[in-house]
Amino acid sequence: MPPAALSVHLSIGQAYAWSVFKPPLEEALQLSGTQSALPFQLAIVMLGLSAAFGGTLVERNGPRWAMTVALCCFSAGFLLSALGAWSEQYWLIVLGYGGVGGVGLGIGYISPVSTLLKWFPDRPGTATGIAIMGFGGGALIASPWSAQMLESYGSGPGGIAAAFLTHGLVYAVFMALGVLLVRVPAPDRTEGAGASVAPAATSGPQVSARQALRTPQFWCLWIVLCMNVTAGIGILEKAAPMITDFFADTSTPVSAAASAGFVALLSAANMVGRIGWSATSDLVGRKNIYRVYLGVGALMYLAIAQLGDSSKPLFVLCALVILSFYGGGFATVPAYLKDLFGTYQVGAIHGRLLTAWSTAGILGPLIVNWVADSQESAGKSGPGLYGLSLTIMIALLLVGFVANELVRPVHERHHLRKEPDVQQRQSV
Amino acid sequence: MSSSGSPSERRTGLIVLSWCWVGLPLAYGVYELVRKATQLFTG
């Protein structure tokens, strides 16, 4: 099951490498930076929407159906984009990659989560951490691969079209492994990861997706995820210029190549954090690990704001920890949902929660770019450009920390009682 | 039938193949990342 999940997540994680296509598209189709970012932004919005609205369908039709839909949409998105680049119709690229491909991202993202939680009920954090680590790892593969492809095909409209076409075909074959391998465990399977004392997948409280939306726990977690992601984007969005500006007036300025290396290290921290922190949550508990993400994360931001320009290793270390928490927050949330709402419709509940990601995907860059622009026009430079941004990020993390503290076990009145599916499973 | 091995051997082969399928591209990505990340200390 883990390779099946990874084959899908490693593919759809390509979304984080969209920036590779931006400069050639801008040159070939005379686009502005804002225009060339549109397919990615639409894809992230569609990810949240399709996960939210398609979650129930995924639960009903199963992971193989969901992975097939993800494969078709993600691949078709690239094929439409190839047509758009070849005919120089940019709207087709936006519609293809952002619209159709974005649906593939959303359905693909949630497709293995529920099944993994059912396969490994005793180690849910580790199980979903492996899959969601794949989403972080997808960009590591796609970024150099796409760049090399554009180099060999050329960066004109024909070359970009050929690159999109190759992506569509290769990802379709790669994701097919997931479709072929995935299967759901038997309803009465209790040996999770080989442990004979592991709990059954359907033990504990079970809450339907519709009912989960009526609980304060769901909305507290929505705030937690939104704040954690927004704070991570605060670093991700401005990583390269930030480290350059922080050390511009010191004896150890940072070159363009070194700042690119810093961005690569952040990607590694994001990926490692997904599996590392999520697996740790199986040992220390979900609420405690989010206390670390949000509380220690705020302290890391404070350290950058107060001491960042005094020591490059300290700056890099704090940023790496923040990014590892960013990744960990994504990977741990399905297990948190499973603890609170059970596995009955956890995929659908997870899908609805991902609207927090879409919101943060719009909020985060807006806040960071707006603050940086306003500080620059106010005549500030160096670390002074980022002081206000960092303070806002600390405040957001503290809001998330409070929301996490408010999470309590779901009240019994929300638990499922008469659903025939669960009754049938429990009676087996 | 005998040439295709026992069910447990086929299962092991499938597990190895599927982990290679996802592991090799990921190893390539990690290798490229390490190459780039070292520029922070040498660039």
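For clarity, every value in this text was computed on a predicted model and none was experimentally measured. (Residues numbered from 1 in each chain as written. Chains lettered and ligands numbered in written order. Predicted model: local features only at pLDDT ≥ 70, side-chain atom pairs only at ≥ 80, totals over all residues. Heavy atoms only, no water.)

Along the polypeptide, Pro409 of chain A turns up in the loop between helix 17 (387-405) and helix 18 (420-427). Those residues in contact with Pro409 of chain A that lie beyond four places of it in its chain are Gln217 and Leu340 of chain A. (Helix = DSSP H or I, 4+ residues; strand = E, 2+ residues; numbered from the N terminus. Contact = heavy atoms within 4.5 Å.)

On to the pattern of salt bridges. Residues and elements named next belong to chain A. Applying the stated criterion to the full structure yields 4 salt bridges over all chains. We note a salt bridge from Asp282 to Arg286, for which the minimum N-O separation is 2.8 Å. What makes Arg286 buried here is its relative accessible area of 9%. A single salt-bridge network, built from bridges that share partners, covers Asp282, Arg286 and Asp339. (Salt bridge = Lys/Arg side-chain N within 4 Å of Asp/Glu carboxyl O. Buried < 20%, exposed > 50% of the residue type's maximum accessible area, 1.4 Å probe, protein only.)

Before going further, it helps to spend a moment on the domain arrangement of chain A. Residues and elements named next belong to chain A. With domains assigned, chain A is organised as domain 1 (2-184) and domain 2 (209-414). Distance from the C-alpha centre of domain 1 to the C-alpha centre of domain 2: 23 Å. The partner domain 2 presents 29 residues to the 30 residues of domain 1 that form the contact. Of the roughly 2,500 Å² buried between domain 1 and domain 2 on both sides combined, carbon and sulfur atoms contribute 70%. Put simply, domain 1 and domain 2 have 0 salt bridges between them. At the surface where domain 1 touches domain 2, the tally comes to 13 residue pairs in polar contact (both at pLDDT 80 or more). Mapped by element, the contributors of at least two residues to the side of domain 1 that touches domain 2 are helix 3 (33-61), helix 5 (90-110), helix 6 (113-119) and helix 7 (124-153). If one sorts the elements of the side of domain 1 that touches domain 2 by residue count, helix 7 sits on top with 12 residues. (Domains from an automatic or database assignment. Buried area = accessible area lost by both parts, 1.4 Å probe. Polar contact = N/O pair within 3.5 Å; in protein donor to acceptor, adjacent residues only side chain to side chain.)

All names here are of chain A. Position of Ser36 among the secondary structure elements: in helix 3. What makes Ser36 buried here is its relative accessible area of 0%. At 2.6 Å, the side chain of Ser36 forms a polar contact with the side chain of Glu26. Not counting chain neighbours up to four residues away, the residues in contact with Ser36 comprise Trp18, Lys22, Glu26 and Tyr90.

Our focus in this paragraph is unusual backbone geometry. Residues and elements named next belong to chain A. You will see that Gln30, though not glycine, has its phi angle at about 50°, which is positive. Tracing the sequence through the fold places Gln30 in the loop between helix 2 (22-29) and helix 3. Among the residues examined, Gln30 registers a relative accessible area of 64% and is labelled exposed. We note that Glu88 has phi near 55°; this positive angle belongs to a residue other than glycine. Tracing the backbone shows Glu88 in the loop between helix 4 (63-86) and helix 5.

Every contact between the two is made by 30 residues of chain A and, on the other side, 19 residues of chain B. Between chain A and chain B, the buried area comes to about 2,000 Å², and carbon and sulfur atoms account for 82% of it. A per-residue breakdown of the area chain A buries against chain B is headed by Pro3, Ile141 and Phe174 of chain A, which together make up 21% of the total. At the boundary of chain A and chain B, one finds 0 salt bridges. In this structure, the connection of chain A to chain B is made through 3 residue pairs in polar contact (both at pLDDT 80 or more). When contributions to the side of chain A that touches chain B are tallied by element, the ones reaching two or more residues are helix 1 (2-12), helix 7, helix 8 (157-181) and helix 12 (256-284) of chain A.

Here we take up the layout of surface pockets. Gaps left between atoms show up when a probe the size of a water molecule is rolled over them. Space inside the largest pocket adds up to approximately 1,600 Å³. Together, 48 residues line the largest pocket, and Tyr16, Ala17, Ser19, Leu236 and Val263 of chain A are the ones closest to its centre. When contributions to the lining of the largest pocket are tallied by element, the ones reaching two or more residues are helix 3, helix 7, helix 10 (216-236), helix 11 (239-246), helix 12 and helix 16 (355-377) of chain A together with helix 1 (7-37) of chain B. A total of 8 residues in the lining of the largest pocket trace back to one element, the largest contributor, which is helix 7 of chain A. Considered class by class, the residues forming the lining of the largest pocket number 28 nonpolar, 13 polar and 7 charged. A domain split of the lining of the largest pocket shows at least three residues from each of domain 1 (2-184) and domain 2 (209-414) of chain A. (1 Å grid on protein atoms, 1.4 Å probe; cavity = no way out; pocket = protein on both sides within 12 Å on 5 of 7 lines; lining within 4 Å. Points joined across faces, edges and corners; volume = space filled by probe spheres on them. Nonpolar A, V, L, I, M, F, W, Y, C, P; charged D, E, K, R; others polar.)

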